[in-house]
Structure formats: structure tokens, C-alpha cells
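Topology and contacts: notes
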Amino acid sequence: MFVFIVGIKKLRPAVLHTPRSQFFNSDNITLPYNRPPLFAFCQFFFLFQFFLKNANFQLETHMNQPIAAIGISDSTRPKTNVRLTISAEHLMDTDVFSKSDPICLVYEKTSGKKATTTEPVQVPTWQDSQWTERGRTEVVMNNLNPQFTKTFLLPYFFEETQLLRFEIYDADSPNVGQDLSPHDFLGRFECVLAQIVSYSTLKAHLGKAEGIGAQWRNKDKNTKTGSITIRAEEDEKCEKIQFDVCGEGLDKKDFFGKSDPYLNFKRKFDDGSAHLVHRTEVKQKTLDPRWATVQINTQTLCGKDGERPIIIECYDHDKWKKGEEPRGEAKFSRDDHIGTAHTTLNELLRGGAGDPVELLLTNEKKKAKKGDKYKCSGTLKIWNSKIIVEPTFLDFISGGTELEFAVAVDFTASNGAPKNSSSLHYMSADRPNQYELALRSVLSICQHYNSSKTFEAFGFGAKLPNSASVSAIFPLDLLRGTPEVVGISGVMSAYRHALQNVQLYGPTNFAPIIDTVAQKAHNMIHDSARYQILLIITDGIISDMHATIRSIINASGLPLSIIIIGVGNEDFEKMHELDSDDSLLQQDSRIAQRDIVQFVTIREFLNNGRGVYLDPDVVQENLAREVLYEVPGQLTGYMKQRGFQPRPVENPWARNSPPPDYDPVLDGIGRRAQAPSPGFQMPVASAPPMY
């Protein structure tokens, strides 16, 4: 029986995905009720074997799913709800005796490659299983310029490619079902959600039956199919209450000295339970403490309900002996209760005008002991109360803040000769190598937040042609001798060309790369127009750890985020020091101003845990989700630290246009507007010769 219980516990995650009918099918199994003991035992044993067989089958099926147990779970991922409002102009008129009756349907691609379609659309979206309908507007009767009143609320994830389609039909009846064949197709537009939130208002030409439309450019004129305008706004802002608080005349709890008070703020729920949402710092040896200014999210504190009870507890912290203090909540376990006050959000806000709000602290045990002689255990005073709305990542992006992007590729000899199939730089004809996967996973997301489509690409740890010395840093585009490249295709072409012409060498030094990009980031500190991201891809432990830590600490006050992706099977344990999630990076007496590094190893994303390699598109999607999810918080944290506010949507920072040789098709974000420039050749994924 003990083994049976343990088996169930281990298999529970897989079992949860199994329909009950597969385990207890009345046609195959009868539960052993009212049977002789031996017969019941045999039947129980048969049931147990059947249970394990089904559970193991479900476990194998579950393990073959690409996203299971990879990256971070949806419940912990930072997200923002975005509300889309849709209108259209100059739609086609397909009715004979009246105007069209338009309806707009919104789809999201939920399987397959999430890149903008480059081939003609052959299967109607409503019949395509790779697309999921997210909603539809109302039917607007007899109108070629509809302004749809129904809006769409979608979760937005910075670190994901969320590909959407907007399709407009002329409804032949007020009730439009799932089968759209009776209704006339008017136009389609396809884009990623990031494009919409970057511009806040996105206007586009509608494509015909097999087309996907194109983003509206300055001086464009209306086409026969008309246009669509999509507006995006954050559905709910991060609202906090901010106030100053002090205590007066608190009870003395220590025999030989004064109390060491702190405050707990708790949310009270409808069932009477309470949950800690904020704790102040401890003030040493005082009965009249003044704590640092408090900021608490109003949704967390009281669900934004002005009259929901809020509990404030005051405690005296008892010190532990050196070396005995436990971690976490346990270190507050023996603290003495001074008193409790009850208030509401509305009452706290009354401390923003005129006299401070005074709250009496009550200790029920002391009150019961002293009876009528008891007055209170101290007073809390609250003033300077106000509601503040902190700018979000989307506020800055909608205001024109651009993400500048730089990449650095490891060309050290430990990668192996590129001609060798075991090399991490080996170019297979049918599968990208790990460096290409890492480059595309990050660039495919970041490109939507950089209107110039121009990136900086570097290499390190190699000997360049006609050079006897190792280059600690060199431009990846050896032909032009400049780090600036155009589009994802430009980065990939420069990478492949560099492999043909450099000699892999060493060592693996990060400090020169970080210092170079940090110097560029230093030129961005005067406003919120730009924020720099650096991607470093490496196959091993760095040789200059001490210098790298110093460079990161120096750069921690700049508008910069550093993403490090480890490729291959090296032991990267020491690299996790740089990713200071638990405590800020420190070297000697110097401490980083904020955490700017995210480190992951790509091998965690290459297969499903059972040796089966996943599709490259799935790997890129999962890898991007993991390495980029901290960027929005790092950007807003820097802007808050510097006191920068986003530009208004009506007057955003100027956006640069892509250079003439930029081709969106090669980067998977649109149809080609014109033929490529003469002499352009599509890069091929063949093994390059070494010179």
C-alpha cells in the first residue's frame, strides 16, 4: 500500500491530464465492492496495473508537449492587459441596393510558426486550425467607415510573438455564425501585437482575399480595399497609495531598552482572514519612530475598494543571537505585539490634505487586563497621502521609447572548427545551430521595438584576417568594418561571413564588450528616448570574471540590460553569479545599483526532457520567453530611478525609419514592398569554408 501511494504521488501531474473515463470505464472495470477478499485483491491489483499503464502513457504524452516544464509558468509571468479598439475606412461596397454591413473578427495564431505570412493565404482563417478566434465586433449596418463599439481585451507579453489577424466581412445577416462562407470578405490585416502597442495607434491597408495588408506609410493614399485603424491602450494602470507614517508614545516592550518597532499592513478578506501585503523597516530603540515613505499597490491592499478594512499591526522586533537568526518569516516569529489599528483606503487618503490621520493602536490582551484604565498602546500618524500611478513599460513604448540592440558572439576555439559537425558553429543544411537559435529568438522580439531596424553586432575571441593578434572585440560585419547591420537577416549574414574569415581563438572575455556597449548607453542617460539591450552568446566560462563583475557594477546605473545565453554542454555554474536575482551584485565594497543581467543556458530548451529535439521555432519561442521577461521591469526600474516620465502618446519621441535596403520579408514581419536592391543574395545555411 505504501508503494501504491508513492506511485500515485509521483504520477499525479500526468494523471491530472487524463480523462476520468480512461481510468474508470464501466465497460472494462468493475470496482471491487462487496467481493470476497481474494477476488477483491486480484481485481485491485488489475486496477492498479491499468492505472499505471494509463498514467505512464499520459506521462509520455505530456513529456512530448513542447512547453511543459520549460521556462516560467503563466501564473508567474509578468503581463499587461491591452484593450484594442477598431475602426475602418473606405471599405468595399459589396451590396447592390445598400452599403456593406461590416463586422470585424480578431484571430491569434496559437500553433505553427508565428511569423507574418509571406505566401498567399489559401485557407480561410476561420477554417485554419492554427488560428484561434479571440472575438468579433458587432455588425454595423450600411456603413463603409465603421467605428466598432465592441473592444477586445488581450494579455500582452513583451517576451512573446503574438501574431494577430483582423478580418472584415460584409455580414449578410445580423447573426453571424462560425461558418463565414455566406458572407463577403472585405479585407485582412496581419501583424504582431507588439507593433500595435509600439505605435499606440496603428493604421494599415487591408489586404485582398489572399493578402495580409500592409502598414500605412506617410503620404499613402486609400486603396480599393480600404484601411483599418487599431488603437491599443493599457486596460489597468498600476495604482499605489503613498504616505508618510510615524508612531508616537508606543508601549515599551524591552526590559532594558526601548522597543524596536515595525508595521505590518494586512488586507482583510470577506471570510475574515487577513494576508500580509507590506512590512516597513525596523526602527531601532525608539518609542516615537518615523518610518520611510510607504508605497502599496491599492489592488493588493484592498482590491481598490475604498471601504474595505485594512489592518495595521505594530510589533517590537526581538533580536536573535549572531548566527542563530532564521530566514524568512521565522525571524519575526518571537516579536512582541504592541498594538493593532483598523482603517480603510479612504481614511488613509484623508491624510493628504490638512491635518494628519491619527489611528490608535490597541492591544486586546493589555486592554482586557487593565480594563477601563487602558487607553491605547500608542498612536500612528499618517500624512502626505496620495494615489500615484507609476508609468508602465507600455507607457514608455507608446511614448516613443526605442530599444537599441547589440549582440556579441563568441568566436573562441572551444566552440570547435565550424566545418566539424560537432562544432557549435557548424552550419547544417536543415537546422540552425545554437548561436543562430539564440540570435533569432531575441532579435525576433526586439525588432518590433526599434523602428530603425538597425542593430549592432560584434564578435570576440578571434584572430581577424591578416592579423596575428586576438581581437577582444571586433565588428561582425567584416566587409564594411562597422558594427551596424540592418535587420535580422543582416546580423545572420554578417555572422556567417565572419565564420568564413576569422580564426577561432580565445580567451573568453566579457569586459571589453560590456564596456563598449555601456559607453553607448551612457549617451542615453539624459532622457527616456532610448534603452539599450546587450545579448552575449558564449560557449564557456568567462576568463575575466573579476573584470566583468566590475564592468557590470559600473554599468548598473545606465539604461542597459544584459542577456547572456550559454550554448553547448559546458558547466555554467559560476555564470549564475552575474544574474543577481536574490541580491545585488557586489565586489569588494561596491554594490550594483540594480540587477541588469539575465543568464540562461540554451540546452534547457532544445528538447522535451526525453532526448527528442523540438522544432527550432518552438525552441526560439521558449527561449525568448525566458530571457526577455525581465526586460520591462528593468526598463521601468531604471526610468523610475532617474525620475523620467514617458512622453505623451500625442507627442512621442521621434522614430527613425529603416534604411532603404531593409527587407521586412527576410525578418518575418511583412510582405515585400519592393524588390530587393541589386546584388542582394539570400543567405544560405550551408557549412562555410574556412580560410
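Residues numbered from 1 in each chain as written. Predicted model: local features only at pLDDT ≥ 70, side-chain atom pairs only at ≥ 80, totals over all residues. Heavy atoms only, no water.

**Considerations on the overall build of the protein**
Convention followed: Secondary structure is summarised from DSSP: a helix means a run of H or I of at least four residues, a strand means a run of E of at least two, and numbering begins at the N terminus for each. Using a 1.4 Å probe on the protein chains alone, a residue whose accessible area is under 20% of its type maximum counts as buried, one over 50% counts as exposed, and one in between counts as partly exposed. Per-residue accessibility takes into account occlusion by the displayed protein chains alone, with areas from the Shrake-Rupley method and a 1.4 Å probe.
If you tally the helices and strands in the protein, you get 15 helices and 29 strands. By the burial criterion, 49% of the 691 residues in the protein qualify as buried. Here the protein displays about 34500 Å² of accessible surface, and carbon together with sulfur accounts for 50% of that area.

**Let's talk about the confidence of the model for the protein**
Put simply, the rule reads: As a per-residue measure, pLDDT reflects the predictor's confidence and takes values from 0 up to 100. Here, two residues are considered to be in contact whenever any of their heavy atoms come within 4.5 Å of each other.
The predicted model of the protein averages 83 in pLDDT, with 82% of residues at 70 or higher. In the model, residues 1-35 has pLDDT below 50 throughout and makes 39 contacts with residues more than four positions away in sequence or in other chains.

**With respect to the pairing of strand β2 (residues 102-109)**
The side chains of a regular strand alternate, residue by residue, between the two faces of the sheet. This is how the line gets drawn: By definition, two strands form a pair when at least two bridges between them are found by DSSP.
When you tally the buried positions in β2, you get 8 out of 8 residues, the bulk of the element. Burial along β2 is two-sided: Pro102, Cys104, Val106 and Glu108 and Ile103, Leu105, Tyr107 and Lys109, pointing in opposite directions, are all buried. Pairing of β2 with strand β5 (residues 163-170), which is carried by 7 bridges, proceeds in the antiparallel orientation. Pairing of Glu108 across the sheet is with Leu164, part of β5. Sheet topology places β2 next to strand β3 (residues 131-136); 5 bridges connect them, and they run antiparallel.

**Topic: the sheet that holds β5**
Rule in force here: Angles shown run from 0 to 180 degrees and are taken between the N-to-C directions of axes, each axis being a line fitted to C-alpha atoms and, for helices, limited to the stretch in contact.
Taken in spatial order, the 4 strands of this open sheet run β3-β2-β5-β6, and their pairing is antiparallel. Edge positions in the sheet fall to β3 and β6 (184-192), since each of these pairs with one other strand and no more. Between one strand and the next, the sheet's axes are offset by a mean angle of 25°, whatever the strand orientation.

**Looking at helix α12 (residues 545-555)**
Side chains that are three or four residues apart share a direction in an α-helix, a result of its 3.6 residues per turn. Counting buried residues in α12 gives 8 out of 11 residues, a clear majority hidden from the surface. All buried positions along α12 are accounted for by Met545, Ala547, Thr548, Ile549, Ser551, Ile552, Ile553 and Ala555. Those residues of α12 that are buried lie in contact with α11 (511-522), β26 (560-566), β27 (586-587), β28 (590-591) and β29 (597-601).

**Thoughts on the nonpolar core**
Put simply, the rule is: Definition used in this section: a nonpolar core is a set of buried Ala, Val, Leu, Ile, Met, Phe, Trp, Tyr and Cys residues joined via side-chain atoms within 4.5 Å. Each domain's extent was defined by an automatic or database domain assignment.
In terms of nonpolar packing, the biggest core is built from 128 residues, with Leu84, Phe166 and Phe411 touching the most fellow members. Among the elements that line this core, the one with the most residues is helix α9 (residues 434-446), at 8 residues. Taken domain by domain, the makeup of this core includes at least three residues from each of domain 1 (80-112 + 129-234) and domain 3 (393-647). Listed in part, the 23 residues of the second largest apolar core include Val245, Leu263, Ile296 and Ile310.

**Some words on the packing of aromatic side chains**
Note the cut-off: Side-chain rings of Phe, Tyr and Trp, where Trp is taken by its six-membered ring, are said to pair if the distance between their centres is within 6.5 Å; with planes under 30 degrees apart they count as stacked, over 60 as edge-to-face, and otherwise as tilted. Any Lys NZ or Arg CZ that is within 6 Å of a ring centre and within 35 degrees of that ring's normal is treated as a charge sitting over the ring.
Across all of its chains, the model carries 14 aromatic pairs by this definition. For the pair Phe572 and Phe599, a centre-to-centre distance of 5.7 Å together with 55° between the ring planes defines the contact as tilted. In this pair, Phe572 is assigned in the loop between β26 and β27 and Phe599 in strand β29, connecting sequence segments 27 residues apart. Put simply, the rings of Phe411, Tyr435, Phe474 and Tyr495 touch in pairs and so form one group of aromatic residues. The residue whose ring lies beneath Arg647 is Trp653, and the NZ or CZ to ring-centre distance is 4.2 Å.

**Section: the pattern of salt bridges**
Spelled out, the test is: The working definition used for a salt bridge is a side-chain nitrogen of Lys or Arg within 4 Å of a carboxyl oxygen of Asp or Glu.
If you walk through the whole model with that rule in mind, you get 20 salt bridges. Where Glu390 meets Lys240, a salt bridge forms, and the shortest distance between an N and an O atom there is 3.5 Å. Taken together, the residues span a long stretch of sequence, with Glu390 in strand β17 (residues 379-390) and Lys240 in strand β10 (residues 238-248) at a distance of 150 residues. The pair formed by Glu390 and Lys240 is uniform in burial state, with each residue classed as buried. The partner of Glu390 in a salt bridge is Lys640, with the nearest N and O atoms 2.8 Å apart. Separated by 250 residues along the polypeptide, Glu390 in strand β17 and Lys640 in helix α15 (residues 631-642) bring together distant segments of the chain.

**Remarks on the sheet that holds strand β21 (residues 470-471)**
Pairing is antiparallel in the open sheet, where 3 strands are placed in the order β21-β20-β24. If you trace the sheet from one side to the other, it starts and ends with β21 and β24 (503-504), each paired once. The pairing of strand β20 (residues 462-463) with β24 spans 2 bridges and is antiparallel. Paired with Lys463 across the bridge in β24 is Gln503.

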